[in-house]
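Spelled out from the first residue to the last, the chains are:
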Amino acid sequence: MAALDSLHGASRIGLGLAAVGRPGYINLGRAGDLPAERTVEALRARAHDLLDQAYAAGIRYFDVARSYGRAEEFLAQWLHGRPGVDDVVVGSKWGYTYTAGWRVDAEVHEVKDHSVATFDRQLGETLALLGDRLGLYQVHSVTPDSPALRDPVLHSRLAELAARGVVIGLSTSGPSQAEAIRAALGVRVGGEPLFRCVQATWNLLEPSAGPALAEAHAAGCRVIVKEALANGRLAGRGGVTTDVVALAAALHQPWATIVLSGAATGEQLASNLRAQALTVDPGDWRGLAVPSSRYWAERSRLAWA
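Being a predicted model, the structure only gives us computed values, none of them experimental.

Caption draft 1: Region of interest: the pairing of strand 12 (residues 258–261). Neither face of strand 12 is exposed, since I258 and L260 on one face and V259 and S261 on the opposite face are all buried. Of the pairings in the sheet, the one linking strand 11 (residues 222–226) to strand 12 comprises two bridges and is parallel in character. Bridged to I224 within strand 12 is I258.

Given below as structure tokens:
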């Protein structure tokens, strides 16, 4: 856990590169957020600008994934160009393969597979880019039926990586996040818990994973909140500070170690960072919550743009 423990004293907001590592994503408002020409060069420049701004503001946790297009590559290049930046923690994820070929209109953008073969392949790809800068490696988007919760061979491989100093975690998605989190807490290798970090969706519209995340925190796991702005549905535009309130509500959760910003512009990142200075009572916003099944059904209908 040393990698994540080193974040003590840094910003509790982390920066995720899902929105700028590839030309297409499901966040709302992307047409106005990204350069008109979404070339590799343009998005690399945008990612590096955001990383510079984030680092200057005290952010020390950066989140990427194999399926986020070239996000790992962009982050690796940024780190290579700044050898003095030695105090950040990098988290990545495996289990989805990016298949869109740098196209927004691809029929399939990513393919999910939690097999040992995919882990072996993607770990090699991640290490080729990030090397020993990798601090956290997560199984991407675990649901209760994922073999990642039951495959002893995979568990052995993950434990080997943990023995090399990389924290093993998982991210969750879908209306059964709590079930997946609780199942993961029971996975042990050699009598020791395997998963030491959980990254889950929690926001004012979909807070159902909260009790399970509190249990994970109590069991010694670090907890990372993703999609605190509900893929843009809580982002606020035109001067509305909904994003600040939504992120502050996530930061207020006593079990939350890191809350990710998925900013695609410098202005969004600056606004997101204001959440650190805002005190809110999440109970005041309880009425925004919708049934999990409805939330995830609506999310599944968001178009790649």
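Caption draft 2: Focus on the nonpolar core. The biggest cluster of nonpolar side chains holds 94 residues, and the ones touching the most others in it are L15, F62, L75, L158, F195 and L213. Not counting residues up to four positions away in its chain, the partners in contact with L75 are L17, L51, F62, V64, V90 and L130. Counting residues in hydrophobic clusters, the runner-up holds eight residues, among them Y61, I224, I258 and L260.

Caption draft 3: Structural view of helix 3 (residues 40–56). Compared with an ideal rise of 1.5 Å per residue, which puts 17 residues at 24 Å, helix 3 spans 24 Å between its outermost C-alpha atoms and is within 8% of the ideal. Three or more residues of helix 3 are buried, namely V40, L43, R46, A47, H48, L50, L51 and A54. Remark: G58 follows helix 3 within two positions and exhibits a positive phi of approximately 100°.

Caption draft 4: The state of the cysteines, seen in detail. Applying the stated rule across the entire model yields zero disulfides. You can see C221 has no disulfide; the closest cysteine sulfur is in C197, sitting 7.5 Å from it. Exposure remark for C221: the relative accessible area of 0% places this residue in the buried category.

Caption draft 5: Representation of the environment of E73 in the model. Residue position: E73 is located in helix 4 (residues 71–80). Leave out the neighbours within four places in its chain, and E73 touches R44 and L129. In terms of polar contacts, E73 uses its side chain to reach the side chain of R44, at 3.2 Å.

Rules behind the numbers
- Residues numbered from 1 in each chain as written.
- Predicted model: local features only at pLDDT ≥ 70, side-chain atom pairs only at ≥ 80, totals over all residues.
- Heavy atoms only, no water.
- Buried < 20%, exposed > 50% of the residue type's maximum accessible area, 1.4 Å probe, protein only.
- Helix = DSSP H or I, 4+ residues; strand = E, 2+ residues; numbered from the N terminus.
- Pairing = 2+ DSSP bridges.
- Core = buried A, V, L, I, M, F, W, Y, C linked by side-chain atoms within 4.5 Å.
- Contact = heavy atoms within 4.5 Å.
- Expected span 1.5 Å × (residues − 1).
- Disulfide = S-S within 2.5 Å.
- Polar contact = N/O pair within 3.5 Å; in protein donor to acceptor, adjacent residues only side chain to side chain.

Nothing here speaks to function; it is all geometry.
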